[in-house]
Amino acid sequence: MALDRIEILIEKYFEGETSIAEEKELKDYFSSSNVAQHLEQYSAVFGYYKQAKKEQLKATIPLKSKKQSIVVWLSVAASVVVMLGVGFTFYKNNLNTEIQNVGKVDDPEIAFRETQKALDLVSKHLNKGIESVSYLNEFEQSKNKVFKIN
């Protein structure tokens, strides 16, 4: 009869329907020495609880304080600020030297030719602008004819 009850309790245990008292009854049965041979396969499952109760943690767990994490983040932020400052300084220095070197030519003949090219380009654009103004003169004359303004 007790063996039938244990088998029923095992079925209920694996279905997840046992109460705490029934689970304690199973643990007591499997921790005893007279376990039925066909149920010995379940001894490891219920014997685990007996062994787990004996185990204790003996190592100490170091706790990190919040101050340490704040110090770490502050040092990371400070190093990022320093790196950005150094990078910006190098970038600005290189940019200034490039700006200062723009248009510098050592040979006067090359400088003269480059100046002629630049003035020729300005002249072409100025001529286009003057042509546009002539269209405005024609528009002004036609407007005067239509509205009969002197």
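Counting from 1, residues in each chain are numbered in the order their sequence is written. Where totals are concerned, whole chains, interfaces and linings use all residues; where local detail is concerned, this predicted model gives features only for residues with pLDDT of at least 70, and gives and counts side-chain atom pairs only at 80 or more. Processing note: side-chain calculations cover all non-hydrogen atoms of the structure and skip hydrogens and water entirely.

K.L.:
Outline the side chain of Glu22, listing residues and values.
P.N.:
To qualify as a helix, a DSSP run of H or I must reach at least 4 residues; to qualify as a strand, a run of E must reach at least 2; elements of each kind are numbered from the N terminus. Within the secondary structure layout, Glu22 lies in helix H2 (residues 20–31). Its relative accessible area of 15% is what places Glu22 among the buried residues. Dropping the residues within four chain positions of it, Glu22 is found in contact with Arg5, Leu9, Lys12 and Glu17. Per-residue accessibility, obtained with a 1.4 Å probe over protein chains only, is compared with the maximum for each type, and a residue is labelled buried under 20%, exposed over 50%, and partly exposed between these values. Contact between two residues is taken to exist if any of their heavy atoms lie within 4.5 Å; hydrogens are not considered.

K.L.:
So, the pattern of salt bridges: which residues are in play, and what are the values?
P.N.:
Whenever Lys or Arg places a side-chain nitrogen within 4 Å of a carboxyl oxygen from Asp or Glu, that contact is recorded as a salt bridge. A full pass over the atoms with the stated rule returns 5 salt bridges. The salt bridge involving Glu22 is made with Lys12; its shortest N-O contact spans 2.9 Å. In this pair, Glu22 sits in helix H2 while Lys12 sits in helix H1 (residues 2–15), placing the two residues 10 residues apart along the sequence. On the basis of relative accessibility, which here comes to 26%, the residue Lys12 falls in the partly exposed class. The closest approach of N and O atoms between Lys117 and Glu114, which form a salt bridge, is 3.6 Å. On the criterion of helical spacing, the pair formed by Lys117 and Glu114 is a turn pair, its members being 3 residues apart in helix H5 (residues 108–147). Given a relative accessible area of 54%, Lys117 falls into the exposed group.

K.L.:
I'd like a description of the nonpolar core, backed by residues and values.
P.N.:
Think of a nonpolar core as a cluster: buried Ala, Val, Leu, Ile, Met, Phe, Trp, Tyr and Cys residues, connected wherever their side-chain atoms sit within 4.5 Å. Ile6, Leu9, Ile10, Tyr13, Leu26, Tyr29, Phe30, Val35, Ala36, Leu39 and Phe46 together form the largest nonpolar core, which totals 11 residues. Elements with a minimum of two residues in this core: H1 and H2. Sorting elements by how many residues they give to this core places H1 first, with 4 residues. Those residues in contact with Phe46 that lie beyond four places of it in its chain are Tyr13, Leu26, Lys27 and Phe30.

K.L.:
Give a description of the packing of H1 against H2 that names residues and reports values.
P.N.:
In the contact formed by H1 and H2, the axes pass within 10 Å of each other and the chain directions differ by 120°. Judged by the angle between their axes, H1 and H2 are oblique. For the element pair H1 and H2, the recorded crossing hand is left-handed. In this structure, H1 contributes Leu3, Arg5, Ile6, Leu9, Ile10, Lys12 and Tyr13 to the contact, and H2 contributes Glu22, Glu23, Glu25, Leu26, Tyr29 and Phe30. Amino acid classes used here: Ala, Val, Leu, Ile, Met, Phe, Trp, Tyr, Cys and Pro are nonpolar; Asp, Glu, Lys and Arg are charged; the rest, including Gly, are polar. Its residues assigned to classes, the contact of H1 with H2 shows 8 nonpolar, no polar and 5 charged. Convention adopted: a line fitted to C-alpha atoms gives each axis, helices being fitted over their contacting stretch, and angles between N-to-C directions are expressed from 0 to 180 degrees. Our angle categories are set so that under 35 degrees counts as roughly parallel, over 145 as roughly antiparallel, 65 to 115 as roughly perpendicular, and the remainder as oblique. Crossing chirality is assigned from the near helix's rotation relative to the far helix, an anticlockwise turn below a right angle marking it left-handed and a clockwise turn marking it right-handed.

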